[in-house]
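Architecture at a glance
Chain by chain, the residues:
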Amino acid sequence: MQTRGAIVRQAPGKYEVVDLEVDDPRPGEVQVKLVASGLCHSDDHVATGDIPVGVYPFAGGHEGAGIVTAAPPNHKGIKEGDHVVFSFLPSCGHCRWCASGQQNLCDLGAGLLAGSRWEDTSSFRLKLSDGGDPVGQMCGISTFVETTTVSADSVVKVDEDLPLDKVCLLGCNVGTGWGSAVNSAEVQPGHTVIVMGIGGVGINAVQGAAHAGAANIIAVDPVALKRENATQLGATHGVETMEEATELAKQFTNGQGADSAIITVGVIKPEYVGQAMASIRKAGTVVVTALGNIADTTPLPVSLADVTLFQKRIQGSLFGESNPNWDIKRQIELYRAGALKLDEVITTTYSLDQIGTGYEAMHAGKNQKGVIVYS
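Presented here is an overview of the structure given in this document. What you see is a predicted model, and the numbers here were worked out from it, not measured in a lab.

About the criteria used
- Residues numbered from 1 in each chain as written.
- Predicted model: local features only at pLDDT ≥ 70, side-chain atom pairs only at ≥ 80, totals over all residues.
- Heavy atoms only, no water.
- Helix = DSSP H or I, 4+ residues; strand = E, 2+ residues; numbered from the N terminus.
- Contact = heavy atoms within 4.5 Å.
- Core = buried A, V, L, I, M, F, W, Y, C linked by side-chain atoms within 4.5 Å.
- Buried < 20%, exposed > 50% of the residue type's maximum accessible area, 1.4 Å probe, protein only.
- Axes fitted to C-alpha atoms, helices over the stretch in contact; angles between N-to-C directions.
- Parallel < 35°, antiparallel > 145°, perpendicular 65-115°, else oblique.
- Left-handed = near helix turned anticlockwise from the far one by under 90°.
- Nonpolar A, V, L, I, M, F, W, Y, C, P; charged D, E, K, R; others polar.
- Phe/Tyr/Trp six-rings, centres within 6.5 Å; stacked < 30°, edge-to-face > 60°.
- Salt bridge = Lys/Arg side-chain N within 4 Å of Asp/Glu carboxyl O.

**Some words on the environment of Ser 154**
For Ser 154, the position within the fold is in the loop between strand S9 (147–151) and strand S10 (155–158). The sequence separation of Ser 154 and Asn 325 amounts to 171 residues, and the corresponding C-alpha distance is 9.5 Å. Leave out the neighbours within four places in its chain, and Ser 154 touches Val 85, Phe 86, Ser 87, Pro 90, Trp 118 and Ile 141.

**Points about the nonpolar core**
Judged by nonpolar contacts, the single largest core of 42 residues is most densely connected at Tyr 15, Val 46, Phe 144 and Ile 355. Here this core takes four residues from helix H11 (residues 355–363), the largest share from any one element. Not counting chain neighbours up to four residues away, the residues in contact with Ile 355 comprise Ala 6, Tyr 15, Val 17, Leu 39, Phe 144 and Ile 372. If you look at the next biggest cluster of nonpolar residues, it comprises 41 residues, including Leu 169, Leu 233, Ile 262 and Leu 340.

**Focus: the packing of helix H7 (residues 242–252) against helix H8 (residues 270–279)**
Where H7 contacts H8, the axes come no closer than 9 Å and their chain directions differ by 15 degrees. It follows from the interaxial angle that H7 and H8 lie roughly parallel. In the crossing of H7 with H8, the sense of the turn from one axis to the other is right-handed. For the pair H7 and H8, the contacting residues are Met 242, Thr 246 and Ala 249 in the first and Gln 275, Ala 276, Ala 278 and Ser 279 in the second. Here the contact of H7 with H8 is composed, by residue class, of four nonpolar, three polar and no charged.

**Regarding the packing of aromatic side chains**
Across all of its chains, the model carries four aromatic pairs by this definition. With a centroid separation of 4.8 Å and an interplanar angle of 55 degrees, the aromatic rings of Phe 88 and Phe 319 are classed as tilted. Of this pair, Phe 88 sits in the loop between strand S6 (83–86) and helix H2 (96–99) while Phe 319 sits in the loop between strand S16 (313–316) and helix H10 (324–336); the two residues are 231 residues apart in sequence, bridging distant segments of the chain. On the accessibility criterion, Phe 88 (10% relative accessible area) is buried. Taking the centre distance of 6.4 Å and the plane angle of 70 degrees together, the rings of Phe 144 and Tyr 359 count as edge-to-face. Within this pair, whereas Phe 144 is found in the loop between strand S8 (134–137) and S9, its partner Tyr 359 is found in helix H11, the two being separated by 215 residues in sequence. Accessibility assignment for this pair places Phe 144 and Tyr 359 in one class, buried. Pairwise contacts between aromatic rings join Tyr 15, Phe 144 and Tyr 359 into one cluster.

**Some remarks on the pattern of salt bridges**
Once the charged atoms of two side chains with opposite charge are near each other, the side chains can pair. If you walk through the whole model with that rule in mind, you get 17 salt bridges. Across the pair Glu 146 and Arg 4 runs a salt bridge, and its minimum N-O distance is 2.9 Å. Placement of the pair is Glu 146 in the loop between S8 and S9 and Arg 4 in strand S1 (residues 2–8), with a sequence separation of 142 residues. Using a relative accessible area of 25% as the deciding quantity, one classes Glu 146 as partly exposed. Judged by relative accessible area, which is 25%, Arg 4 ranks as partly exposed. Among the ionic pairs, Arg 117 bridges to Asp 23, the shortest N-O distance being 3.2 Å. Within this pair, whereas Arg 117 is found in the loop between H2 and strand S7 (126–128), its partner Asp 23 is found in the loop between strand S2 (16–22) and strand S3 (29–38), the two being separated by 94 residues in sequence. By relative accessible area, which is 1% here, Arg 117 ends up buried. By relative accessible area, which is 22% here, Asp 23 ends up partly exposed. Linked through salt bridges whose partners overlap, the residues forming this network are Asp 23, Glu 29, Arg 117, Arg 125 and Lys 127.

Shown next as structure tokens:
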């Protein structure tokens, strides 16, 4: 069928909206009409070239929700009319990682940036209407497309009374940020936590730390709007720099430092890890959630003696170590109970044709979180 979507033709490049053809779903796949899609920084990394992909043109978007319009037989029992949230990390349910409760590390993730179907690297679900050239799918889903066809492994069914323009955030930003605090940093009641970078992921790391019972949550961001929003959603303090955050953390802990520092900046640099390591106590944890140029091999400015003698830990965090088939539903219950804020996180909504404006606002620091809402 014919649809429209936002693609990049090369990197560096910018998203442009074009006409596309989308395949009918095969057995094990579903077709979904998008209701909403988050504007995530990872898709901007694709446009800048920080994250190279397997094929161009490439259709962006990896955080969204919609309504199933076609569903051949599939192992999840998804049917036409079901409301679903996409999980940017698929879960097959039977590989070593899924079977051991680490769905975020599912072996299907190896194909996230290839753009093709997992099982056939020569098969693409999207094509350009003009010429028929194949178009890659971001994380196998491409939520910057009005109607998309995806593997059933990439969707989680949700209740029909939920606002899809809000719960779409559960497919990436919420799980990544909330899980970075709750799962990766293992925040405990009474902890002092620093969150470095208060974008869509960082604001949810703040919420996760608050939900876990942290006594002091220090939000670090040069943008006043983001610091203010953080204090409304659980942060106890908002500062502009890591130097200020480190000093505050030491004041709260008799000079020891923060229990954990979570790095959720838009573009990570090695020195940020060094700053985070300097801010934490002995046996503390630095959680590295942010992405940058994934080919960058610049050494981290970290003392190995600091790691060994002080037992400090650097912990990577992919999707906040989430198990999407369970955690998305768990976070929905927190949202229903008022313990997890989604509506308040969204700063501005856009149409698909305004995607460029949305990313300009993100770069200018005007958005906590932008969301595309489809008509």
